[in-house]
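Fold and geometry: a report
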Amino acid sequence: ACFAGSAANKSIPPDKKMVPSERVFSLCHGARLVIKQGDITTEDVDAIVNAANERMLGGGGVDGAIHRAAGGELVRACAAVPEVASGVRCPTGEARITPGFKLKARHVIHTVGPIYENPKYSAPLLASAYRNSLKLALEHGLKSVSFPGISTGVFGYPFDEAAEVALTAVDKALDAAGEGGSVKEVRFVLFNEPLYKTFVETAEERSVET
Ligand code: ADP
């Protein structure tokens, strides 16, 4: 894998005693990784990823925020996604795509992360949620995708483990997609500051190692 490169500290001049709200790293094949603190519902990108649940009919946390911002057409589009089992439109670790409706984002990629149990059981499911989300983005020729911290809210994933799994999964998926892959910018838009800091620290460790 080729997660690498210089970690450019973009936004905040050094005289301002603030935590930088956005950091930029390099990924494989010229793609950019942006880690920022903020609200994913205002992202102007080809797709935002929703940390949904298997029913895909909305919920709390980021799911609720995305549905409120997208308007009622989103829940109707979700309801039209076929069930693969009773009450299950998107099994844990898989992903489904809908339009973004009233969002600035053109699409919503709905994925379902695991409820955290332990690293051995949960990490492959969380990695699969990231991988399958990026797979859909690549299949639809999307260039920019914003992720929340999947499973880091009510699903209870420890922040450091979640960051490690997320960054590894993104790195591998873009590496596998190769030069011709459409996705050129992956953004993590993290609502809370401790999670933002954990993602930045994890990315810094990885880029030093390469
Ligand atoms: P999960 O069930 O996958 O844990 P949650 O929605 O409870 O999903 O939390 C996932 C993450 O989304 C948490 O880190 C939470 O702080 C974050 N979050 C909540 N609202 C927003 C938002 N508007 N933008 C970005 N992240 C958000």
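Note that the coordinates shown come from a computational prediction; the quantities given were computed from them, not determined experimentally. (Residues numbered from 1 in each chain as written. Predicted model: local features only at pLDDT ≥ 70, side-chain atom pairs only at ≥ 80, totals over all residues.)

1. What to know about the overall build of the protein
- Helix and strand counts for the protein stand at 5 helices and 8 strands.
- Counting from the amino terminus, helix and strand elements in the protein follow one another as β-β-β-β-α-α-β-β-α-β-α-β-α.
- Among the 210 residues that make up the protein, the fraction classed as buried is 47%.
- Expressed as a percentage of contacts within the protein between residues at least 6 apart in sequence, the contacts between residues at least 24 apart total 68%. (Helix = DSSP H or I, 4+ residues; strand = E, 2+ residues; numbered from the N terminus. Buried ≥ 20, exposed ≤ 12 C-beta atoms within 10 Å, placed from the backbone. Contact = placed C-beta atoms within 7 Å.)

2. Some thoughts on the pairing of strand S7 (residues 144-147)
- Residue alternation in S7 divides its side chains into two sets, Ser144 and Ser146 and Val145 and Phe147, and both sets are buried.
- Pairing analysis gives 2 bridges linking strand S4 (residues 47-51) to S7, with the strands arranged parallel. Bridge assignment links alanine 47 to a residue of S7, and that residue is valine 145.
- As paired strands, S7 and strand S8 (residues 185-190) are joined by 4 bridges and run parallel to one another. If you follow valine 145 over to S8, its bridge partner there is valine 186.
- You can see the chain leave S7, run along helix H4 (residues 159-177) and come back into S8, and the turn it takes is right-handed. (Pairing = 2+ DSSP bridges. Right-handed = clockwise from strand over helix to strand, strands pointing away.)

3. Details of unusual backbone geometry
- Although it is not a glycine, phenylalanine 101 sits at a positive phi angle of roughly 50 degrees.
- For phenylalanine 101, a count of 19 C-beta atoms within 10 Å corresponds to the partly exposed category.
- Positioned with a positive phi, serine 151 is a non-glycine residue whose angle comes to about 70 degrees.
- Along the chain, the position of serine 151 falls in the loop between S7 and H4.
- Exposure remark for serine 151: the 26 C-beta atoms within 10 Å place this residue in the buried category.

4. Side note on the nonpolar core
- One finds Ala47 and Val145 to be the most contacted residues of the largest nonpolar core, which totals 61 residues.
- Broken down by element, this core gets its largest block of residues, 9 residues, from H4.
- If near-sequence neighbours (up to four positions away) are discounted, alanine 47 is found in contact with Ala105, Arg106, His107, Val108, Ile109, Ala137, Leu142 and Val145. (Core = buried A, V, L, I, M, F, W, Y, C linked by C-beta atoms within 7 Å.)

5. Brief notes about the site of the ligand
- Near the ligand you find 21 residues, and of these Ala51, Gly61, Gly153, Phe155 and Phe191 are the closest.
- When residues of the shell around the ligand are assigned to their parent elements, the largest contribution, 4 residues, is made by helix H1 (residues 61-70).
- Taken together, the residues of the shell around the ligand sort by class into 11 nonpolar, 8 polar and 2 charged. (Near = placed C-beta within 6 Å. Nonpolar A, V, L, I, M, F, W, Y, C, P; charged D, E, K, R; others polar.)

6. Things to note about helix H3 (residues 119-139)
- The end-to-end C-alpha distance of H3 is 29 Å, a good match for the 30 Å that 21 residues give at a rise of 1.5 Å each.
- All of the buried residues in H3 are Ser122, Leu125, Leu126, Ala127, Ser128, Ala129, Tyr130, Asn132, Ser133, Leu134, Leu136 and Ala137.
- Each element contacted by the buried residues of H3 is listed here: S4, strand S5 (95-99), strand S6 (107-111), S7 and H4.
- Trailing H3 by a residue or two, glycine 141 shows a phi angle of about 65 degrees, which is positive. (Expected span 1.5 Å × (residues − 1).)

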